[in-house]
Amino acid sequence: MLNVRSISHSYSTKSVFKNVSFSVSNGEIVGLVGENGAGKSTLLKTLATLTNPVEGEIMLHDQPYHQQKKDIRKKIGFVPQDIALWEEFTVEENMIFFEKLSWVTKNKEDLKQICQDMNLDKWNEPVKSLSGGMKRKLNLAISLIHDPQVLLLDEPTAGIDLKSRKEIGSYLYKKAKNENKLIIYTSHDMDEIITLCDRVYCLGKDPFYEQLLEKAEKELIVL
Ligand SMILES: Nc1ncnc2c1ncn2[C@@H]1O[C@H](COP(=O)(O)OP(=O)(O)OP(=O)(O)O)[C@@H](O)[C@H]1O
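Please read these numbers as outputs of a predicted model, since none were measured by experiment.

## Here's the deal with the packing of helix H5 (residues 132–143) against helix H6 (residues 162–179)
A pair of packed helices is captured by two measures, namely the crossing angle of their axes and the spacing between those axes. In contact at an axis separation of 10 Å, H5 and H6 are set at 20 degrees when each is read in the N-to-C sense. Of the possible angle classes, the one that applies to H5 and H6 is roughly parallel. Crossing of H5 against H6: the hand is right-handed. Residues Gly 133, Arg 136, Lys 137 and Leu 140 of H5 form the contact with H6, whose participating residues are Ser 164, Glu 167, Ile 168, Tyr 171 and Leu 172. Residues belonging to the contact of H5 with H6 are distributed by class as follows: four nonpolar, two polar and three charged.

## Side note on the domain arrangement of the protein
Frequently, the measure chosen for interface size is the accessible area removed from exposure when the parts meet. Per the domain assignment, the segments of the protein are domain 1 (1–75 + 149–223) and domain 2 (84–148). Relative to domain 2, the C-alpha centre of domain 1 lies at a distance of 24 Å. Every contact between the two is made by 19 residues of domain 1 and, on the other side, 15 residues of domain 2. Interface area for domain 1 against domain 2, summed over the two sides, is near 1,300 Å², with a carbon-plus-sulfur share of 65%. When the area that domain 1 buries against domain 2 is broken down by residue, the three leading residues are Lys 74, Glu 167 and Tyr 171, summing to 37%. Linking domain 1 with domain 2 are two salt bridges. Across the pair Asp 147 and Lys 181 runs a salt bridge, and its minimum N-O distance is 3.0 Å. Of the residues in the side of domain 1 that touches domain 2, the class split is nine nonpolar, three polar and seven charged.

About the criteria used
Residues numbered from 1 in each chain as written. Predicted model: local features only at pLDDT ≥ 70, side-chain atom pairs only at ≥ 80, totals over all residues. Heavy atoms only, no water. Axes fitted to C-alpha atoms, helices over the stretch in contact; angles between N-to-C directions. Helix = DSSP H or I, 4+ residues; strand = E, 2+ residues; numbered from the N terminus. Parallel < 35°, antiparallel > 145°, perpendicular 65-115°, else oblique. Left-handed = near helix turned anticlockwise from the far one by under 90°. Contact = heavy atoms within 4.5 Å. Nonpolar A, V, L, I, M, F, W, Y, C, P; charged D, E, K, R; others polar. Domains from an automatic or database assignment. Buried area = accessible area lost by both parts, 1.4 Å probe. Salt bridge = Lys/Arg side-chain N within 4 Å of Asp/Glu carboxyl O.

Printed below as a string of structure tokens:
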């Protein structure tokens, strides 16, 4: 269970979000929406321990972030908006490189299996030759190497074709429901959010999202 209690964030004097509280349980998949600049990436980075809230507290399974950051980091898989891969290396070499940086030891077959599970089969191809969708899948595969309990994904399906979007979506859904992972992700694709998510959090009041989600009978919570 992830518990967020009254957190606020600002960059120097500029406030990004204030007094945000929510909780998410294992096995839930939650969408995070809001207009450009609402603070979705900042909130995800805060949940990923990459930046600290200026006030408030976050707890993961009753462990407070501010006291046990290192331990908490091991339980989190974070996929940033920008793709960060070694373009000249193959998929295999990228997976092995990031395995070395992780806290776990996985053999080549385990790493290959993670890629195969999401239909990423270009194991021996250099990353530079992959499509945008394949690169997104590889970024996601890398975040799963240490088998994190929590997945925080910043627009994991941005700019990719419908087939890859659906593959990633159903992969994430299975991860949450079959493996009890806790997933929070941002997307501007509302069809995808409505299909995949148990509920939706919106950063800031926004009638556009309210109307859309009410029509789809999907629970929306304004943060
Ligand atoms: N490192 C930073 N330093 C200063 N300001 C920042 C920094 N990162 C983000 N901001 C500002 O904080 C606000 C929130 O940005 P953030 O990227 O979190 O929003 P977002 O909801 O993810 O936007 P988008 O939908 O465009 O990705 C924006 O006004 C942005 O300019």
